[in-house]
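Here's the letter readout for the chains.
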Amino acid sequence: MTVDASRGADAPPELVQLLTPEGERVEHPDYDIDLTPEEIRSLYRDLMLVRRIDLEAVALQRQGELGIWASLLGQEAAQIGSGRALTDSDMAFPTYREHGVAWCRDVDPVKLLGLFRGVNHGGWDPQEHNFHLYTIVIGSQTLHAVGYAMGIQRDDANAATIVYFGDGATSQGDVNESFIWASVFNAPIVFFCQNNQWAISEPLEKQTRIPLYRRASGFGFPGIRVDGNDVFACLAVTKKALEAARTGQGPTLIEAFTYRMGAHTTTDDPTRYRVASELEAWKLKDPIERVKAYMFKNELADQAFFDSVDAEADQLGADLRRRCLAMPDPEPLDIFDHVYREPHALIDQERAQFAAYLEGFRD
Ligand SMILES: Cc1ncc(C[n+]2csc(CCOP(=O)(O)OP(=O)(O)O)c2C)c(N)n1
Ligand SMILES: [Mg+2]
């Protein structure tokens, strides 16, 4: 029997793209989007500002002001496109890299820095922003998100849940279990996998033999691969998947095909495990450059606009730095606060023990 390589698991992967790396607009029969010049300028501004937040954070870490930082460099379009697809009542569950989504949920970027500076445990109220705290334990947030989605399903809320995770996370049991629960309960959730090609030093080939988006069919829901460096396509695809979730059509897996242009975190040195030419090839697919090229070609903005965004980014970076350095160190005993919602006898005992220990340092 011969295998038809154009079908099934061997078929070449499809990719939804609305804007080429050269900045040419392309049509797609299922995922078109009509954006006004103002909306496009706004997306460009978002992309530029989150890249600046990220650059400033990397610099702060290098100068010893943050303990660690996980850069989003290269993943701006995946995050802004999906983040801007959310409505206020939708709920997002991030990993530790979703600074662009945090921006879309109106989380003050200095609050992200607090966690990486070690002065708080994630200093925003998830309910206020409909943006959960960062999760470091790979993939565990997918279970939290499915539970949340099943909750809003039972509340009959007109809302959806989106959960972010990486290519490496797809090998975790938690992620696979969450796919099963979401599928059989038809939960209103979008699984947004940013396939940035690497899980620290492990390449994608060590996670999967088939394109990740195709995994969804084995669980019984649709999967789609989108150009993760194309903000228009990420916006269009995520909007449609969220709407499907809100209208009772259940989960979707979106694989945003992108690239981690920086190190895994500031503790990592990617030159030890990947070749420089790979990064050079992806630089040509930069998520911001293509929007800029498209805007130039179609005269959607003049030089004064681009200059004003650069100036705003400069100001944001400087302001972030100043506010980061001004963050007070926490009181050591604060670590016992907010462990539980209510007072708890064991925590009270541990706090008292630690207070006595600290007393031992006084002269
Ligand atoms: C359960 C668990 N195992 C291992 C780790 C260590 N770890 C931190 S990040 C990471 C790689 C994650 O890769 P991926 O899911 O592709 O996300 P990315 O960092 O590329 O965004 C690993 C293994 C962890 N944090 N949690
Ligand atoms: Mg990855």
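Procedures and definitions
- Residues numbered from 1 in each chain as written.
- Chains lettered and ligands numbered in written order.
- Predicted model: local features only at pLDDT ≥ 70, side-chain atom pairs only at ≥ 80, totals over all residues.
- Heavy atoms only, no water.
- UniProt positions renumbered as here; feature names shortened; annotations may be inferred.
- Helix = DSSP H or I, 4+ residues; strand = E, 2+ residues; numbered from the N terminus.
- Pairing = 2+ DSSP bridges.
- Axes fitted to C-alpha atoms, helices over the stretch in contact; angles between N-to-C directions.
- Contact = heavy atoms within 4.5 Å.
- Near = heavy atom within 4 Å.
- Polar contact = N/O pair within 3.5 Å; in protein donor to acceptor, adjacent residues only side chain to side chain.
- Areas by Shrake-Rupley, 256 points an atom, 1.4 Å probe, with all protein chains shown as cover.
- Nonpolar A, V, L, I, M, F, W, Y, C, P; charged D, E, K, R; others polar.
- Buried < 20%, exposed > 50% of the residue type's maximum accessible area, 1.4 Å probe, protein only.
- Expected span 1.5 Å × (residues − 1).
- Arc of directions from axis to C-beta.

UniProt feature "domain: Dehydrogenase E1 component" (unreviewed entry): in the numbering of this structure it lies at residues 48-314. Span residues 48-314 is 45% helix and 12% strand, its end C-alpha atoms 10 Å apart.

Moving on: the sheet that holds strand E7 (residues 252-257). Spatially, five strands are ordered E1-E2-E3-E7-E6 in an open sheet, and the strand pairing comes out parallel. Each of the sheet's edge strands pairs with one partner strand only, and the pair in question is strand E1 (91-93) and strand E6 (223-227). Between one strand axis and the next, the sheet turns through 20° on average, direction left out of account. Here strand E2 (residues 161-166) runs beside strand E3 (residues 189-195); their pairing, made up of six bridges, is parallel. Looking at E3, one finds that Ile 162 is bridged to Val 190. Against the sheet, helix H6 (residues 140-154) makes contact with E1, E2 and E3, and its axis sits at roughly 170° relative to E2, the strand it touches most.

For the rest of this paragraph, the subject is the environment of Gly 228. The topology assignment puts Gly 228 in the loop between E6 and helix H9 (231-246). As for Gly 228 and Leu 204, which are separated by 24 residues in sequence, their C-alpha atoms are 15 Å apart.

As a structural note, the neighbourhood of ligand 1 is formed by 15 residues, with Tyr 96, Arg 97, Ile 136, Gly 168 and Trp 198 the closest of them. Arg 97 places a polar side-chain atom, nitrogen or oxygen, 2.7 Å from an oxygen atom of ligand 1. Separating a nitrogen atom of ligand 1 from a backbone N or O atom of Ile 136 is a distance of 2.9 Å. In isolation ligand 1 has 590 Å² of accessible area, and contact with the protein removes 70% of it. Among the residues making up the shell around ligand 1, the classes are represented as eight nonpolar, five polar and two charged.

It is worth spelling out unusual backbone geometry at this point. The backbone of Asn 186 shows a phi angle near 50°, a positive value even though the residue is not glycine. Mapped onto the elements of the fold, Asn 186 is located in the loop between helix H7 (173-184) and E3. Exposure remark for Asn 186: the relative accessible area of 33% places this residue in the partly exposed category. For Gln 197, which is not a glycine, the phi torsion comes out positive at approximately 80°. Mapping Gln 197 onto the fold places it in the loop between E3 and strand E4 (198-199).

Right, let's get into H7. Taking 1.5 Å per residue as the helical rise, H7 with its twelve residues ought to reach 16 Å, and the 17 Å between its terminal C-alpha atoms agrees with that figure. For H7, the full list of buried residues reads Val 175, Ser 178, Phe 179, Ala 182 and Ser 183. The arc that holds the buried residues of H7, viewed along the axis, is 130°, so those residues lie on one side. Considering only its buried residues, H7 is in contact with H6, E2, E3, helix H8 (215-219) and E7.

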